[in-house]
Amino acid sequence: MNIPFVDLKAQYKNIKPAIDKAIADVIEETAFIKGKFAAAFEEQFASVYGVRHVISCGNGTDSLYIIMKMLGIGAGDEVITAANSWISSSETITQTGARPVFVDAHPDYYSIDESKLEEKITPNTRAIIAVHLQGQVCDLETIQSICKSYDIHLIEDCAQSHFSTFKNIRAGLTGIAGSFSFFPGKNLGAYGDAGCIISQDDSLAEKCRMYANHGALKKHHHKMEGINSRMDGIQAAVLSAKLPYILEWTEKRIQVAKWYDEYLDGIPEITRPAVRPDSKHTFHLYVVRAKDRDGLKNFLGEAGIETLIHYPTPLPFLPAYSYLGHSAKDFPVSAKLQKEILSLPVYPEMTEDMVQFVAGQIQQYYKANQPR
């Protein structure tokens, strides 16, 4: 049995008429950059998600950068973020002229360790970027309280947490703004790069909309210098075609995770993902900790099961951040996780038989590799 990490072809086949019509409509209208299809998606996503403003842009990375620039973050400032994340969470900080400050991973949830935030705050700290990894929201109650105490901004990186909740509040609705990626493999994914910003703040939303469109709300009326980060019509139309299915797909992901929990139970070499109390984990990723991770990964690959590692190198240990002078002792949890974490296939089209097969292969590997 061959099991890809994500099966976008299966998803396409299930909703083929809607996708084909969406793309054909864009071609018929020749509305290729922003325009009516991007505006329609913004309105639809705002309605479904329950947010005042949605600003579409070229990708999720740009959305983070735009938020910080429009908050006035720049040279001499510091922004705190997670050590265990994709580089978009930190490179966008540097692009504004500010300095990234990393916090170690939580030992249970693998996202930012809220208990270590305050020790990283200095007079130069302007914001905390809470990265909601794998489909699970950080402890926003604690983070927001810290941000209010120090009068700093809370920015939410929701690239992996579409429709996830903490205490019944969706990711992106607690901070000043939320950043979303619609990269094809995301829970709600386009057919290319795409992203958006969400915010309840009228002033910030208008600034972000202008900055993403060369500094103008209307062509040739540039109130500032901006950048070119606009969602194209085909990506917007594809996202609109998929949006009616996202809540159903989310529940199917949760069901796949429940099957994994059931079939992996009793394998002592595997630590299953913990779900934070009062949370809805939408399982963009199903991440386990595994003994002899690399051996297991190779074995599963030979059995036709694709797995990935999110992330093999914590951000502070990348060559890009060598100037910060960090070592493994500065981020012990992240340093440990990089040798153990493994992301198993999870997508709405997975069946119980597929999950059972993956779990069976994992069990087979450890049975064959018992210490003698």
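Our subject is the structure that appears above.
Worth saying up front: this structure is predicted, and the values here are computed from it rather than measured. (Residues numbered from 1 in each chain as written. Predicted model: local features only at pLDDT ≥ 70, side-chain atom pairs only at ≥ 80, totals over all residues. Heavy atoms only, no water.)

### A few points about the nonpolar core
Phe41, Phe45, Ile143 and Phe182 are the most contacted members of the largest nonpolar core, which totals 76 residues. When neighbours within four sequence positions are excluded, Phe45 is seen to be in contact with Gly50, Val54, Phe163, Phe180, Phe182, Leu188, Cys196, Ile198 and Leu243. (Core = buried A, V, L, I, M, F, W, Y, C linked by side-chain atoms within 4.5 Å. Buried < 20%, exposed > 50% of the residue type's maximum accessible area, 1.4 Å probe, protein only. Contact = heavy atoms within 4.5 Å.)

### Focus on helix H8 (residues 233–242)
H8 sits mainly inside the fold: nine of its ten residues count as buried. Here H8 has its buried residues at Gly233, Gln235, Ala236, Ala237, Val238, Leu239, Ser240, Ala241 and Lys242. The inward-facing, buried residues of H8 abut helix H1 (8–14), helix H2 (16–29), helix H3 (35–49) and helix H9 (246–264). The distance from a side-chain oxygen at the start of H8 to the backbone nitrogen of Ile234 is 3.0 Å, and the residue carrying that oxygen is Asp232. (Helix = DSSP H or I, 4+ residues; strand = E, 2+ residues; numbered from the N terminus. Polar contact = N/O pair within 3.5 Å; in protein donor to acceptor, adjacent residues only side chain to side chain.)

### Section: the pattern of salt bridges
Taken as a whole and judged by the stated rule, the model has 15 salt bridges. As a salt-bridge pair, Lys329 and Asp330 come within 3.6 Å of each other at their nearest N and O atoms. The exposure class of Lys329 is exposed, given its relative accessible area of 69%. (Salt bridge = Lys/Arg side-chain N within 4 Å of Asp/Glu carboxyl O.)

### Points about empty space enclosed by the protein
All told, the structure shown has one cavity of 30 Å³ or more when counted by the stated rule. Computed from the structure, the largest cavity encloses a volume of approximately 50 Å³. Every residue lining the largest cavity is listed: Val6, Asp7, Leu8, Gln11, Gly185, Lys186, Asn187, Arg253, Tyr347, Pro348 and Glu349. Broken down by class, the residue content of the lining of the largest cavity amounts to four nonpolar, three polar and four charged. (1 Å grid on protein atoms, 1.4 Å probe; cavity = no way out; pocket = protein on both sides within 12 Å on 5 of 7 lines; lining within 4 Å. Points joined across faces, edges and corners; volume = space filled by probe spheres on them. Nonpolar A, V, L, I, M, F, W, Y, C, P; charged D, E, K, R; others polar.)

### Things to note about the sheet that holds strand S9 (residues 195–199)
The strand order across the open sheet built from seven strands is S1-S9-S8-S5-S4-S2-S3, with neighbouring strands paired in mixed fashion. A strand with exactly one partner marks an edge of an open sheet, and here the two such strands are strand S1 (53–57) and strand S3 (99–103). Strand-to-strand, the axes of this sheet are offset by a mean angle of 25°, without reference to chain direction. In terms of strand pairing, strand S8 (residues 177–181) meets S9 through four bridges, oriented antiparallel. Pairing of Ser181 across the sheet is with Gly195, part of S9. Sheet contacts for H3: S1, S8 and S9; angle to S1, the most-contacted strand, approximately 140°. Where helix H7 (residues 202–212) meets the sheet, its contacts fall on S1, S8 and S9, and the angle it forms with S1 comes to roughly 15°. (Pairing = 2+ DSSP bridges. Axes fitted to C-alpha atoms, helices over the stretch in contact; angles between N-to-C directions.)

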